[in-house]
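Examining the three-dimensional arrangement
Residues per chain are reported as follows:
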Amino acid sequence: MRGHDAPLAALAAPLIARIGATAPNIHLSLLAESSADQPDLTRGQVDLEIGANEPGRPEISSEVVGPDRMVLALRREHPLAKGRIDIDKLLRTALVTASRRGRLHDAVDDALAERGLRRRVIASLPTSTVALDVVSRSDAVAVVAERVCRPASARLGLVARRLPLELPPPQVVVTRHHRHDSDPAHAWPRGEVRDVLREATGGTSEGRPATGPGHPRGSA
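As the structure is a computational prediction, the values presented were derived from the model and not from experiment.

Each value, and the rule that gives it
Residues numbered from 1 in each chain as written. Predicted model: local features only at pLDDT ≥ 70, side-chain atom pairs only at ≥ 80, totals over all residues. Heavy atoms only, no water. Pairing = 2+ DSSP bridges. Helix = DSSP H or I, 4+ residues; strand = E, 2+ residues; numbered from the N terminus. Contact = heavy atoms within 4.5 Å. Axes fitted to C-alpha atoms, helices over the stretch in contact; angles between N-to-C directions. Parallel < 35°, antiparallel > 145°, perpendicular 65-115°, else oblique. Left-handed = near helix turned anticlockwise from the far one by under 90°. Nonpolar A, V, L, I, M, F, W, Y, C, P; charged D, E, K, R; others polar. Salt bridge = Lys/Arg side-chain N within 4 Å of Asp/Glu carboxyl O. Buried < 20%, exposed > 50% of the residue type's maximum accessible area, 1.4 Å probe, protein only. Polar contact = N/O pair within 3.5 Å; in protein donor to acceptor, adjacent residues only side chain to side chain. Expected span 1.5 Å × (residues − 1). Patch = residues over 30% accessible without salt bridge, like charges linked within 9 Å, V, L, I, M, F, W, Y side chains within 5 Å. Areas by Shrake-Rupley, 256 points an atom, 1.4 Å probe, with all protein chains shown as cover.

This paragraph deals with the sheet that holds strand β10 (residues 171-177). In spatial order, the strands read β2-β1-β3-β10-β4; together these 5 strands make up an open sheet with mixed pairing. Sheet topology places β2 (31-32) and β4 (60-67) at the edges, where each strand pairs with a single neighbour. Pairing of β4 with β10 involves 7 bridges; the strand directions are antiparallel. Its bridge partner lying in β10, Ser61 is registered against Arg176. The strands that helix α7 (residues 184-200) touches are β3 (49-51), β4 and β10; relative to β4, the one it contacts most, it runs at about 25°.

The 5 strands lie next to each other as β7-β6-β8-β5-β9, forming an open sheet whose pairing is mixed. Only two strands of the sheet have a single neighbouring strand rather than two, namely β7 (120-125) and β9 (158-162). Direction aside, neighbouring strands of the sheet carry axes that sit 35° apart on average. Bridge count between strand β5 (residues 70-75) and strand β8 (residues 141-145): 4 bridges; the pairing is antiparallel. By the bridge assignment, Leu72 is partnered in β8 with Val143. Lying on the sheet, helix α5 (residues 128-136) is in contact with β5, β6 (94-98), β7, β8 and β9; it crosses β6 at an angle near 160°.

In this section: the packing of helix α1 (residues 5-22) against α7. Their axes nearest at 9 Å, the elements α1 and α7 cross at an angle of 130°. As the angle between them shows, α1 and α7 are arranged oblique. Two packed elements cross with a definite hand, and for α1 against α7 that hand is right-handed. Contacts between α1 and α7 pair Pro7, Ala10, Leu11, Pro14, Leu15, Arg18, Ile19 and Thr22 from the former with Trp188, Pro189, Glu192, Val193, Asp195, Val196, Leu197, Glu199 and Ala200 from the latter. Classifying every residue of the contact of α1 with α7 by side-chain character gives 12 nonpolar, 1 polar and 4 charged.

A side chain of one charge can pair with a side chain of the opposite charge if their charged atoms are brought near each other. Here the structure, examined in full by the defined rule, presents 17 salt bridges. The partner of Asp133 in a salt bridge is Arg137, with the nearest N and O atoms 2.4 Å apart. Looking at Arg137, the relative accessible area reads 66%, which means it is exposed. One network of salt bridges, with partners in common, ties together Arg18, Glu63, Glu192, Arg194, Asp195, Arg198 and Glu199.

Its place among the elements puts Arg147 in the loop between β8 and α6 (150-156). Considered as a pair, Arg147 and Ala160 are 13 residues apart in the sequence and their alpha carbons are 9.9 Å apart.

Consecutive side chains of a regular strand alternate in pointing toward one face of the sheet and then the other. Counting buried positions over the 5 residues of β8 gives 5, a clear majority of the element. On β8, burial covers both faces: Val141, Val143 and Ala145 on one face and Ala142 and Val144 on the other are all buried. Both β6 and β8 contribute to a ladder of 2 bridges, which runs parallel. Within the sheet, the bridge partner assigned to Val96 lies in β8 and is Ala142.

We now examine the environment of Arg179. Looking at the secondary structure, you find Arg179 in the loop between β10 and α7. Judged by its relative accessible area of 42%, Arg179 is partly exposed. Between the alpha carbons of Arg179 and Thr42 there is a distance of 9.2 Å; along the sequence they are 137 residues apart. Other than its neighbours up to four places away in sequence, Arg179 contacts Leu41, Thr42 and Gly44. In terms of polar contacts, Arg179 uses its side chain to reach the backbone carbonyl oxygen of Thr42, at 2.7 Å.

Okay, α7 next. Turn by turn, an α-helix covers 3.6 residues, leaving residues three or four places apart pointing in a common direction. Along its 17 residues, α7 runs 24 Å from first to last C-alpha, staying within 8% of the 24 Å computed at 1.5 Å per residue. For α7, the elements touching its buried residues are α1, β3, β4, α6 and β10. Capping the start of α7, Asp183 holds a side-chain oxygen 3.0 Å from the backbone nitrogen of Ala185, two or three residues further along.

Let us look at a nonpolar patch on the surface. Where nonpolar side chains cluster on the molecular surface, the patch consists of Ile16, Ile26, Leu28 and Trp188 and spans about 320 Å² of accessible area. Mapped onto the secondary structure, Ile16 falls in helix α1. Judged by its relative accessible area of 46%, Ile16 is partly exposed.

Written out as structure tokens, the structure is:
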């Protein structure tokens, strides 16, 4: 399976434990996204893809596992970790973005541009995990999907704060080729992926350290 680094980070450890307890002879290959979109589901090189977008091709099936929301991630000692965050404070803060293509512009910039405003982006990082690591060791902040980034945020001792902007809510989407729709050997691990992702995308309290997903059933 291949996917965005944030849901894969939330998925990997509990999925490996869960499948290892039930079917120890199954081997999993979790692949990182490439910098360019590839039709690997159609080619049969990938069984599942995990991301935020529903497919635009008729031969690809999809399932929305759950919604998420975009939040500011910052270290617990950051000046913005307490108190109200407004647009002015956001604009005075250095931000880093996560983009596999190295983009410095995203939905936050679109929302600000509608108000005639621009934020200060100091760097683009290839993954959310790298962006959160930078945030944990600096006064930079990042806008990330709250729930799927919770495991990494929890390990780094970060907190999530509400954005002073309305952004379209992201979602976690699992996609596959239609050829696997009625294949029981494909349906079982797909169901495990769906269940683990649903467990991993529970909410967190505003302004409090994020917590990791619950213990998976069994152990590897």
